[in-house]
Amino acid sequence: MMETAPLKLLPPEPGDEGTQRCRLGPAALSFLGAPLGAPLRISLPGGSCLCTAWPRADLADGYLQVDLASRTAGVAVAALRGLTLSLGRLQLLPRCRLKKATVNVVLRSSALRKSMPRAVLQETIRDLLRNVYVSHHYVVTLAPNLETPVVHIEMLSVDPLTEEAGLITPQTSIKIKEVVTLERYRHLSEDTGKISVAGLDDVGRTLKEMIDLPLRFPKTFKKLGLSVPNGVLLIGPPGVGKTLMVKAVAKEVGAYLLCISGPALYGSRPGESEENLQRVFEKGREMSHEGPTILFIDEIDSLCPKRGSSNNAPEDRIVAQLLTLLDGVGSEGKMVLMAATNRPDALDPALRRAGRFDREVIIGTPTLMQRRSILQLLTFSMPISTEVDLIKLAEITTGYVGADLTALCREAAMQAMFHSSLDSTEMVINMASFQEAFKKIQPSSFRSVIGLKECKPVTWEQIGGLEDVKLKLKQVFRQARASTPAIIFLDEIDCILGSRSHHKTGYGVSERVLSVLLNELDGIGLKVIERRGNKLQLEGQCQELSDEERQLEFQETLNKDFMVVAATNRPDMLDDALLRPGRLDRVIYIPPPDLKGRLSILKICTEKIPLDSDVSLQDLAVLTDLFSGADVENLCKEAALLALQENGLEATTVKHEHFVKSLRTVKPSLSTKDLEFYEKFYNQELTS
């Protein structure tokens, strides 16, 4: 049938370029009932176009030639080659004359924009749009012409507002809202999709207020006496989304984003780096005269380190040049400077004074709720099994930033692919895939930490005896997990700090370290790093959340920074100020194992040792009075080695006599005097 016969799309005839004509065969024109010059809307991949109906010169059916002078911005001409369309994609529209139209004009270059008077441009636009069918948000593209500097005309609004098409006549009033260059238009038009950023809603709102409001209402800010921020500095660890956040905000406010990297500005010859920096600022000022512009310097710490070193003369010149350029950014344009760094202490202090980068937005590692939001975004299009609990994943990914979570999900998908058929169409990512991914993807915020030591997990069952102590420790660590995402453990703390009372003369290293730790414990020396997320919310503000979400939200907002746990076998060497309330205020004494405890430790240590039937662990527990857990473990190892030596490495069992002989060489590391000292010190702490 005629309505289902496909029409092959061909390029327009040379004489039809810029005329908005559509060439059809007589059968198609008859089916549409389109008179000569009637407006048509053609639905195309990515959008639609408006044209006028005209017959083909050869009167051949089955072909369609369209001039895409008036189309939506999403139509790509290159993607239409060889396309076939059904006749149902062509729609005959009623004729309508427009009274008013508001447009944006796109010129080839900024030089033409400056040289062309507004009145001349107004008349040029009227001539170019005469007898052209347009619609709301359509773009009129003009054929390349040396006589006409106009490249595109964007229709912002039409009157009367119609979804069909309107004809611009000599009586139509045309108002030009903005005149921009082709470079700015292409930059704002490309990648029209929204940039998704999860877990940074508050940061995005803050940045938008800093950037959008002053640019939109400069007179209001001036009347209120408010200062417009010249520069905004984003501070946060690598991978939290600083650069992505800037791109998302720039797209949302419709600003031209000029993004450069600090190391990319360095040149090989003297003075080249300063010239590159000047050119960037000149281009930013030029674009700011057309509309809102954001000049973003990524990794600014590599460009502007602290001055003062005799070996950093080139870097010092770059810092001085940047400071001069920052002071020269006035209010004549609409340019906002933004920069990002993960090393704020490495920046020259002069950059962070008022009038330069005077606003700072700190992005910390994601909170529990934000990690869940990020995981929801990352796994939205992934075939996730129903057994995967994103809340549980968020709870065990403490310290993971957005980049880490992205790598984790990618690695989980790779693990799922490895464990299934490569050509399987029903591949599902389950919890086991994420557990395998956890072995390879570590949180980047925990890397490069001085003194960080990885500890193998030890269960409570592996610690024999000490039931009262284990109960107390369980309570301490349960409190730590409930109130913090991290625990700092200082082993052999007496070696690090010591007591000031033992050093009467001088002010040594241990005293300085002690002062720093005391300040850190009190929160004085701790740098204030703003965590992402809302502040403590009242119960009434969370009524719209479910019970589970409200519990997670309050768990996140009520937490502390961290808990400090320390261990020592020389408590008398510690300074009294360290043990006062508010610091290391909970003292737990771990005594040597009693008879029951030693029996439990012996069972654990001999679990993998083949014991002879004459071995009595109960008797050995009696004989190992004052033995610590390490002493008991050493005794079991010595007995096993003795059995190997006596039987020429062919021993099958360890006998009771081997343990008795080992007791002659393995002695307890504790004495009655030591126990009296520890118990006396512990009792003093309890009564003080």
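On a predicted model such as this, the values are computed, not experimentally measured, just so you know.

Novice: Help me understand the sheet that holds strand E15 (residues 231-235) in this model?
Specialist: Pairing is parallel across the open sheet formed by 5 strands, whose spatial order is E16-E17-E18-E15-E19. Each of the sheet's edge strands pairs with one partner strand only, and the pair in question is strand E16 (256-261) and strand E19 (359-362). Strand-to-strand twist across the sheet, computed as the mean angle between neighbouring axes with direction ignored, equals 20°. Relative to strand E18 (residues 335-341), strand E17 (residues 293-298) runs parallel, the two being bridged by 5 bridges.

Novice: Looking at this structure, I do not really get helix H3 (residues 118-129). What am I missing?
Specialist: An α-helix turns once every 3.6 residues. As a result, residues three or four positions apart point the same way. Between the first and last C-alpha of H3 there are 17 Å, a value that for 12 residues agrees with the 16 Å anticipated at 1.5 Å per step. Along H3, the positions that sit buried rather than exposed are Leu 121, Thr 124, Ile 125 and Leu 129. On an axial view of H3, the arc spanned by its buried residues comes to 120°, and they lie on one face. Buried-residue contacts for H3 involve strand E9 (100-107), strand E10 (132-134), strand E11 (139-141), strand E12 (150-159), strand E13 (166-168) and strand E14 (173-181).

Novice: Honestly, the side chain of Arg 598 in this entry has me stumped. Any pointers?
Specialist: Note on placement: Arg 598 falls in helix H19 (residues 595-605). Exposure remark for Arg 598: the relative accessible area of 5% places this residue in the buried category. When near neighbours in sequence (up to four residues on either side) are disregarded, Arg 598 contacts Pro 593, Ala 621, Val 622, Thr 624, Asp 625, Leu 626 and Phe 627.

Novice: What is the right way to look at the packing of helix H11 (residues 368-378) against helix H13 (residues 402-418) in this model?
Specialist: The packing of two helices is summarised by the inter-axis angle and the distance between the axes. Here H11 crosses H13 at 40°, and the two axes come no closer than 10 Å. Taken together, the axes of H11 and H13 are oblique relative to one another. Considering only the axes of H11 and H13, their crossing is right-handed. Across the interface between the two elements, Arg 371, Ile 374, Leu 375 and Leu 378 from H11 touch Gly 402, Leu 405, Thr 406 and Cys 409 from H13. Of the residues that constitute the contact of H11 with H13, the class distribution is 5 nonpolar, 2 polar and 1 charged.

Novice: Is there a simple way to think about the confidence of the model for the chain in this case?
Specialist: Detailed reading of the predicted model is not advised wherever pLDDT is low. Averaged over every residue, the pLDDT of the chain is 78; residues scoring 70 or more account for 80%. Taken together, the stretch residues 448-452 has pLDDT below 50 and engages in 1 contact with residues farther than four places along the chain or on a different chain. Here residues 524-542 scores under 50 on pLDDT; set against residues more than four positions off or in separate chains, the count is 42 contacts.

Novice: Even after reading the chapter, I still don't get unusual backbone geometry, so can you show me in this structure?
Specialist: Of all residues except glycine, most have a negative phi; of all peptide bonds, most are trans. Across the junction of Asp 159 and Pro 160, the peptide omega takes the value 5°, indicating a cis bond. The topology assignment puts Pro 160 in the loop between E12 and E13. One non-glycine residue with positive phi stands out, namely His 137, at about 70°. Within the secondary structure, His 137 is located in the loop between E10 and E11. Located in the positive-phi region is Leu 626, a residue other than glycine, with phi close to 70°. Tracing the chain through its elements places Leu 626 in the loop between helix H20 (617-623) and helix H21 (629-646).

Novice: Just to check I follow, could you spell out the environment of Arg 205 for this structure?
Specialist: By the element assignment, Arg 205 lies in helix H5 (residues 201-216). Sequence-wise, Arg 205 and Val 249 are 44 residues apart; in three dimensions their C-alpha atoms are separated by 8.7 Å.

Novice: Any chance you could explain the nonpolar core here in plain terms?
Specialist: Nonpolar side chains tend to gather and get buried jointly when the protein is soluble and globular. Formed by 30 residues in total, the largest nonpolar core has its most connected members in Leu 277, Phe 281, Ile 300, Leu 322, Leu 337, Leu 351 and Phe 357. Secondary-structure elements contributing two or more residues to this core are E15, E16, helix H8 (272-288), E17, helix H9 (300-303), helix H10 (313-327) and E18. By residue number, the principal contributor to this core is H10, which donates 6 residues. With residues near it in sequence (within four places) discarded, Leu 322 still touches Leu 277, Phe 281, Ile 297, Ile 300, Cys 304 and Leu 351. Leu 200, Leu 234, Val 240 and Ile 294 belong to the second largest nonpolar core, which has 26 residues in total.

Novice: What am I meant to see in the pattern of salt bridges here?
Specialist: Opposite charge on two side chains permits pairing when their charged atoms draw close. Evaluation of the coordinates by the stated rule reveals 18 salt bridges. Lys 283 is the partner of Glu 183 in a salt bridge, and the nearest nitrogen-oxygen pair spans 2.8 Å. Residue Glu 183 is located in helix H4 (residues 182-189), and its partner Lys 283 is located in helix H8; the two are separated by 100 residues in the primary sequence. The exposure class of Glu 183 is partly exposed, given its relative accessible area of 37%. Of the residues examined, Lys 283 reaches a relative accessible area of 32% and is grouped as partly exposed. One salt bridge in this structure joins Arg 598 and Asp 625, with 3.8 Å as the shortest N-O distance.

Thresholds applied
Residues numbered from 1 in each chain as written. Predicted model: local features only at pLDDT ≥ 70, side-chain atom pairs only at ≥ 80, totals over all residues. Heavy atoms only, no water. Pairing = 2+ DSSP bridges. Helix = DSSP H or I, 4+ residues; strand = E, 2+ residues; numbered from the N terminus. Axes fitted to C-alpha atoms, helices over the stretch in contact; angles between N-to-C directions. Expected span 1.5 Å × (residues − 1). Buried < 20%, exposed > 50% of the residue type's maximum accessible area, 1.4 Å probe, protein only. Arc of directions from axis to C-beta. Contact = heavy atoms within 4.5 Å. Parallel < 35°, antiparallel > 145°, perpendicular 65-115°, else oblique. Left-handed = near helix turned anticlockwise from the far one by under 90°. Nonpolar A, V, L, I, M, F, W, Y, C, P; charged D, E, K, R; others polar. pLDDT = per-residue confidence, 0-100. Core = buried A, V, L, I, M, F, W, Y, C linked by side-chain atoms within 4.5 Å. Salt bridge = Lys/Arg side-chain N within 4 Å of Asp/Glu carboxyl O.

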